[in-house]
Number of protein chains: 2
Amino acid sequence: MELKEIGRIYSPYKTVKEAPRQGKISDKFCEIEIFPAYETALLHADEGRYYVVLYFAHEADRTALQTVPPWAKEPYGVFASRSPHRPNPINLCVVKLVRREKNRLFVIGLDAIDGSGLIDIKPYVRELDEAEA
Amino acid sequence: MELKEIGRIYSPYKTVKEAPRQGKISDKFCEIEIFPAYETALLHADEGRYYVVLYFAHEADRTALQTVPPWAKEPYGVFASRSPHRPNPINLCVVKLVRREKNRLFVIGLDAIDGSGLIDIKPYVRELDEAEA
């Protein structure tokens with residue numbers, strides 16, 4: 001399955017070490033550039049709403065199958081953890097779109113390192129994305 | 001960006017028309033087979049919990065940039081809609097893992113058509129995945 005890079009993420013995190021453990025705990029702005037070829041796909045992407053951002057964790061270890069999460073003392077399978085290191089390192093953050101300038105989105109809640117490739121952005125829909133868990 | 005198929009989804013929906021508009025509104029079981037090479041990545045993937053499933057919508061129109069959603073009367077950009085038709089057709093469902101038999105996961109809440117390729121599965125974490133929206 002071949003994906004296209006549809007945009008690029010510019011973030012204050014230059015390295016994996018600098019990135020927050022989860023985007024949700026950060027209040028820093030990141031900028032998402034949607035490449036011009038896809039700008040019309042942003043029609044009605046409105047400021048103030050929340051979006052699910054999928055991006056490619058290009059520095060991840062794609063051979064990792066188990067990991068010891070920061071909150072655990074024993075190994076967990078990567079499919080039972082949120083580790084960025086996994087066979088298909090697609091990371092997911094629910095972000096708030098604070099400001100939009102044409103094809104540039106300024107968001108809060110993203111943990112991507114600078115230069116990460118954007119894969120998709122979808123509106124967060126409470127009825128679909130919230131579990132009773 | 002090249003992704004590997006890490007598993008296969010078997011569902012009661014043989015065609016796009018048969019699939020529910022959203023997985024969340026379905027109470028039917030789907031079966032996810034994790035390919036044996038990745039089975040150890042399921043350690044601690046436990047029954048009863050919720051998981052975010054990413055799969056490849058192989059029948060999607062990857063050239064679509066705008067669409068009229070079922071709840072609207074005017075076009076929306078695909079990045080402002082949950083349409084499966086988008087440049088990178090990675091669909092996302094929050095599912096409940098009802099039963100697990102080794103590398104076979106029986107879930108409720110998935111809208112994938114039969115034979116869809118599995119990309120990733122992550123545990124749903126309320127603190128990360130829920131927005132104040």
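Residues numbered from 1 in each chain as written. Chains lettered and ligands numbered in written order. Predicted model: local features only at pLDDT ≥ 70, side-chain atom pairs only at ≥ 80, totals over all residues. Heavy atoms only, no water.

A.B. asks: Quick one: what's the story with the sheet that holds strand β1 (residues 7-10) of chain B, residue by residue and with numbers?
C.D. replies: Residues and elements named next belong to chain B. Taken in spatial order, the 6 strands close into a barrel running β1-β2-β7-β6-β3-β8, and their pairing is antiparallel. Taken over all neighbouring pairs, the strand axes of this sheet differ in orientation by 45 degrees on average, direction set aside. Two elements, strand β2 (residues 29-34) and strand β7 (residues 104-108), share 5 bridges in a ladder whose sense is antiparallel. Paired with E31 across the two strands is F106, which belongs to β7. (Pairing = 2+ DSSP bridges. Helix = DSSP H or I, 4+ residues; strand = E, 2+ residues; numbered from the N terminus. Axes fitted to C-alpha atoms, helices over the stretch in contact; angles between N-to-C directions.)

A.B. asks: So, the pattern of salt bridges: which residues are in play, and what are the values?
C.D. replies: Under the counting rule described, the total for this entry stands at 18 salt bridges over all chains. Ionic pairing is found between R86 of chain B and D120 of chain A, a salt bridge with its closest N-O pair at 2.8 Å. With one member in each of two chains, R86 of chain B in the loop between β5 (76-77) and β6 (90-101) and D120 of chain A in strand β8 (residues 117-123) form a pair that bridges those chains. We note that R86 of chain B, like D120 of chain A, is buried. The partner of D129 of chain A in a salt bridge is R82 of chain B, with the nearest N and O atoms 2.8 Å apart. Of this pair, D129 of chain A sits in helix α1 (residues 126-129) while R82 of chain B sits in the loop between β5 and β6, on two different chains. The same class applies to D129 of chain A as to R82 of chain B, namely buried. One salt-bridge network, in which partners are shared between bridges, spans E31, R99, E101 and R104 of chain A. (Salt bridge = Lys/Arg side-chain N within 4 Å of Asp/Glu carboxyl O. Buried < 20%, exposed > 50% of the residue type's maximum accessible area, 1.4 Å probe, protein only.)

A.B. asks: Which residues make up empty space enclosed by the protein, and what are the values?
C.D. replies: Scanning all chains against the criterion turns up 3 cavities of 30 Å³ or more. Here the largest cavity defines a volume of roughly 70 Å³. For the largest cavity, the full set of lining residues is V52, L92, V94, Y124 and D129 of chain A together with V52, L92, V94, Y124 and D129 of chain B. Only β6 (90-101) of chain A together with β6 of chain B provide two or more residues apiece to the lining of the largest cavity. The residue inventory of the lining of the largest cavity, partitioned by class, reads 8 nonpolar, no polar and 2 charged. (1 Å grid on protein atoms, 1.4 Å probe; cavity = no way out; pocket = protein on both sides within 12 Å on 5 of 7 lines; lining within 4 Å. Points joined across faces, edges and corners; volume = space filled by probe spheres on them. Nonpolar A, V, L, I, M, F, W, Y, C, P; charged D, E, K, R; others polar.)

A.B. asks: Please set out the relation of the copies chain B and chain A residue by residue, giving values where relevant.
C.D. replies: The operation relating the two chain copies consists of a rotation about an axis and a shift along that axis. Superposing chain B onto chain A requires a rotation of 180 degrees together with a translation of 0.0 Å along the rotation axis, leaving an RMSD of 0.0 Å. What we have between these two chains is a two-fold relation. For chain B, the residue whose C-alpha comes nearest the rotation axis is E2 of chain B, separated from it by 2.4 Å. An overlap of 100% is found between the interface residues of chain B and their copies at the interface of chain A, pointing to a shared contact surface. (Least-squares fit on C-alpha atoms with pLDDT ≥ 70 in both. Contact = heavy atoms within 4.5 Å.)

A.B. asks: A description of the interface of chain B and chain A should follow, citing residues and the corresponding values.
C.D. replies: Between chain B and chain A, the contact holds 57 residues from the first and 57 residues from the second. Both sides of the chain B and chain A interface together cover about 5800 Å² of buried area, and 57% of this is carbon and sulfur. Ranking the residues of chain B by area buried against chain A places M1, F79 and R82 of chain B at the top, with a combined share of 16%. Counting across the chain B and chain A interface gives 4 salt bridges. Our count for the chain B to chain A interface comes out at 30 residue pairs in polar contact (both at pLDDT 80 or more). Secondary-structure elements contributing two or more residues to the side of chain B that touches chain A are β3 (50-56), β5, β6, β8 (117-123) and α1 (126-129) of chain B. Sorting elements by how many residues they give to the side of chain B that touches chain A places β8 of chain B first, with 6 residues. Class assignment for the residues of the side of chain B that touches chain A results in 34 nonpolar, 8 polar and 15 charged. (Buried area = accessible area lost by both parts, 1.4 Å probe. Polar contact = N/O pair within 3.5 Å; in protein donor to acceptor, adjacent residues only side chain to side chain.)

A.B. asks: Go over the confidence of the model for chain A, please, and point to the residues and values.
C.D. replies: Summarising the model, chain A shows a mean pLDDT of 93, and 98% of its residues fall at 70 or more. Taken over the whole predicted complex, pTM reads 0.94, whereas the ipTM for its chain interfaces reads 0.93. (pLDDT = per-residue confidence, 0-100.)

A.B. asks: Could you give an account of the packing of aromatic side chains, naming the residues involved and the relevant values?
C.D. replies: Considering all chains together, one arrives at 2 aromatic pairs over all chains under this definition. Ring geometry for W71 of chain A versus Y76 of chain A: centroids 4.9 Å apart, planes at 75 degrees, classification edge-to-face. Y76 of chain A sits in the buried class, given a relative accessible area of 16%. Directly above the aromatic system of F106 of chain A lies the positively charged group of R99 of chain A, at a separation of 4.2 Å from the ring centroid. In this arrangement the basic side chain of R49 of chain B is found over the ring face of Y51 of chain B, its NZ or CZ atom lying 6.0 Å from the centre. (Phe/Tyr/Trp six-rings, centres within 6.5 Å; stacked < 30°, edge-to-face > 60°. Lys NZ or Arg CZ within 6 Å of the ring centre and 35° of its normal.)

A.B. asks: How would you summarise the side chain of S11 of chain A if you had to cite specific residues and measurements?
C.D. replies: All names here are of chain A. Within the secondary structure, S11 sits in the loop between β1 (7-10) and β2 (29-34). For S11, a relative accessible area of 5% corresponds to the buried category. Residues within four places of S11 in sequence aside, it is in contact with C30, A112, I113 and D114.

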